[in-house]
Amino acid sequence: MVDITRLRKNSEKKSVSVSAAEIKAADIASTALHELFNLPPDALIVNAGVVVETAGQANLTVDFGFDGGYELMNDVDIDDTGYKQNTLVVAGTAADSVVTGTATVAPRILTGTGRTVTAKFSAVPTAGVFHFIVEYIEYKLGNGMLTQLGDG
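Definitions and cut-offs
Residues numbered from 1 in each chain as written. Predicted model: local features only at pLDDT ≥ 70, side-chain atom pairs only at ≥ 80, totals over all residues. Heavy atoms only, no water. Helix = DSSP H or I, 4+ residues; strand = E, 2+ residues; numbered from the N terminus. Buried < 20%, exposed > 50% of the residue type's maximum accessible area, 1.4 Å probe, protein only. Contact = heavy atoms within 4.5 Å. Areas by Shrake-Rupley, 256 points an atom, 1.4 Å probe, with all protein chains shown as cover. Core = buried A, V, L, I, M, F, W, Y, C linked by side-chain atoms within 4.5 Å. Pairing = 2+ DSSP bridges. Axes fitted to C-alpha atoms, helices over the stretch in contact; angles between N-to-C directions.

S.K.: When you look at the overall build of the protein in this model, what are you seeing that I'm missing?
M.R.: Check the secondary structure of the protein and you find one helix and eleven strands. Listing every helix and strand of the protein by position from the N terminus yields α-β-β-β-β-β-β-β-β-β-β-β. In the protein, which comprises 152 residues, the share counted as buried stands at 35%. Considering only contacts within the protein whose residues lie at least 6 apart along the sequence, 74% involve residues at least 24 apart. For the protein, the exposed surface amounts to about 8,800 Å²; the carbon and sulfur share of it is 53%.

S.K.: Where do I start with the nonpolar core in this structure?
M.R.: Note on soluble globular proteins: their nonpolar side chains tend to be buried together. Core analysis: the biggest nonpolar cluster contains 27 residues, and Phe 64, Leu 72, Phe 132 and Val 134 have the highest contact counts within it. Residue assignment for this core shows that the elements contributing at least two residues are β1 (12-24), β2 (34-39), β3 (43-54), β4 (61-66), β5 (73-77), β10 (115-121) and β11 (129-146). Examining the composition of this core, we find that five residues originate from one element, β3, more than from any other.

S.K.: Just to check I follow, could you spell out the pairing of β10 for this structure?
M.R.: Side chains on a regular strand alternate between the two faces of the sheet. Across five bridges, β2 lies against β10 in antiparallel orientation. Note that in β10 the partner of Asn 38 across the bridge is Thr 116. Sheet analysis places β4 next to β10, joined by five bridges and oriented antiparallel. Counterpart to Phe 64 in the pairing with β10 is Ala 119.

S.K.: Honestly, the sheet that holds β10 in this entry has me stumped. Any pointers?
M.R.: Two pairing modes exist for strands in a sheet, parallel and antiparallel, and in both the strands are linked by backbone hydrogen bonds. In spatial order, the strands read β2-β10-β4-β5; together these four strands make up an open sheet with antiparallel pairing. The open sheet has two free edges, formed respectively by β2 and β5, since each of these has just one partner strand. Here the strands of the sheet are splayed against their neighbours by 20° on average, with no regard to which way each runs.

The structure is reproduced here in structure tokens:
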């Protein structure tokens, strides 16, 4: 066995980061695509959700993703308050996937060279305060702290 745990690059702790944007109804003047924030390159998105602090008008929904898509959440009902958790329904199984059959899983999306997170509302909000949240791990960026090294 070759022990490479003492290499700094293998022992440096990584951190979970969170980006969030607060959007008020007055911030949205159209149903056009709205860019919320940018995610860094070389990160793995592990969770996403929307906190509806103040409800939007009846039947208001939003697509939450990248470039107008809904990779994070599709048709989120934001006409009532609460936390809207991301769940992606994955049908079938890819050869390299750990998901089997049909399962509900949190997103596991690589940011590649970076991503711009977007929201597209189904109508212009006349009411509401919404917090869009993305949790991710920058797997190449360490925080300088080392993990506990064992005796060997």
